[in-house]
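Summary of structural features
Each chain, letter by letter, is given below.
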Amino acid sequence: MGQKVNPIGFRLGIIRGWESNWFTEDKNSSNLLEDHKLRQYLQTRLRSAGLSRIIIERTPKRVLITLLTSRPGVIIGKGGEEVEKLREELKKVTNKEVQINISEIKRPEVDSSLVAQNIAQQLEARISFRRAMKMAISSATRMGAKGIKIKCSGRLGGAEMARTEQYKEGRIPLHTIRAEIDYANATAQTIYGSIGVSVWIFKGEIIGEVDLTPAAVTTRNEKTSAPQQERRRSPRRNRRQGKN
């Protein structure tokens, strides 16, 4: 039987950092539960804000939350009113001081979470699943993705029997640990039932040491390996040598 590993968990600690960064000896379970509640609340509260990732850091008296989003203006609001409301709401959930940092995603077309959410929203709006998948693939390749795979599962097109369909472009080296594979999934609630959307995006290979701290996640530029064409520029042997 084939066993599949989450591409993000497979690379944790090597080229990918954790999304919860804290240490405690006696409050592990309560902190984990609180992190889960915070993420659920933020994903529901900021459903229309293009939220991709939520990074949580903790100190004994403060919680630092970093939001990676494609629409920071929706979260900040006019004059920062919305982010202040959000801070007060999260303060009631955690009973601690909350600091919110917002980081903008410059290229949402190559962010797997945003691509999956976009396709799920189109499916809920009764757009053809094939059209939504192909449009997402063309947008990602145009913006520099080296490979992308999209899989939809469920009663596609209102069929009586559920099935799975996928489209792929480029290469997705899932077994290469240094390959930066961005993976996410989303669920579309349609009138026919739930449809699952999974997205894999290959952004390039990371060679060398990687800073895995949360601050580096928002500031680090994508490190990719040398293109394959440059690697092939080794001097070729002159076949004419020795033929006199």
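A brief report on the enclosed structure follows.

Rules and cut-offs
- Residues numbered from 1 in each chain as written.
- Predicted model: local features only at pLDDT ≥ 70, side-chain atom pairs only at ≥ 80, totals over all residues.
- Heavy atoms only, no water.
- Salt bridge = Lys/Arg side-chain N within 4 Å of Asp/Glu carboxyl O.
- Helix = DSSP H or I, 4+ residues; strand = E, 2+ residues; numbered from the N terminus.
- Buried < 20%, exposed > 50% of the residue type's maximum accessible area, 1.4 Å probe, protein only.
- Pairing = 2+ DSSP bridges.
- Contact = heavy atoms within 4.5 Å.
- Axes fitted to C-alpha atoms, helices over the stretch in contact; angles between N-to-C directions.
- Expected span 1.5 Å × (residues − 1).
- Polar contact = N/O pair within 3.5 Å; in protein donor to acceptor, adjacent residues only side chain to side chain.

1. As for the pattern of salt bridges
Enumeration according to the criterion identifies 15 salt bridges in this entry. Arg45 is paired through a salt bridge with Glu89; the nearest N and O atoms lie 2.9 Å apart. Of the two residues, Arg45 is situated in helix H2 (residues 28-45) and Glu89 in helix H4 (residues 81-94); the sequence distance between them amounts to 44 residues. Its relative accessible area of 30% is what places Arg45 among the partly exposed residues. Members of the salt-bridge network, linked through shared partners, are Arg16, Glu19, Arg53, Asp182 and Lys203.

2. Describing the sheet that holds strand S3 (residues 62-69)
Across the sheet, four strands lie side by side as S1-S2-S3-S4; this open sheet has mixed pairing. The open sheet has two edge strands with one neighbour each: strand S1 (20-21) and strand S4 (97-104). For strand S2 (residues 51-59) and S3, the ladder comprises eight bridges, and the chain directions are antiparallel. Across the sheet, residue Leu51 finds its bridge partner in S3, namely Thr69. Across the sheet, H2 is in contact with S1, S2 and S3; its angle to S2 comes to roughly 145 degrees. Helix-sheet contacts for H4 involve S3 and S4, and the interaxial angle to S4 is about 135 degrees.

3. Focus: the sheet that holds strand S7 (residues 179-190)
Taken in spatial order, the four strands make up an open sheet running S6-S5-S8-S7, and their pairing is antiparallel. A single partner strand is all that each edge strand has here, and the edge strands are strand S6 (163-170) and S7. Sheet twist, expressed as the average angle between the axes of neighbouring strands with direction ignored, equals 10 degrees. For S7 and strand S8 (residues 193-205), the ladder comprises 11 bridges, and the chain directions are antiparallel. Within S8, the residue paired with Ala179 across the bridge is Glu205. Relative to S7, helix H5 (residues 112-124) is tilted by about 20 degrees, and along the sheet it contacts strand S5 (147-154), S7 and S8. Strands S5 and S6 of the sheet are contacted by helix H6 (residues 129-142), whose axis makes an angle of about 20 degrees with S6.

4. Focus on H5
For H5, with 13 residues, the first-to-last C-alpha span of 18 Å sits near the 18 Å given by 1.5 Å per residue. Three or more residues of H5 are buried, namely Ser112, Ser113, Leu114, Val115, Ala116, Ile119, Ala120, Gln122 and Leu123. Here the buried face of H5 lies against S2, H6, S5, S7 and S8. Where H5 starts, the residue carrying a side-chain oxygen 3.2 Å from the main-chain nitrogen of Ser113 turns out to be Asp111. In the segment just after H5, Arg126 is the residue with positive phi, at about 65 degrees.

5. Looking at unusual backbone geometry
Phi angles above zero are rare outside glycine, and Asn95 is one such case at about 60 degrees. Topologically, Asn95 is positioned in the loop between H4 and S4. The phi torsion at Arg126 lies on the positive side, around 65 degrees, for a residue other than glycine. Within the secondary structure, Arg126 sits in the loop between H5 and H6.

Purely geometric numbers; function is a separate question.
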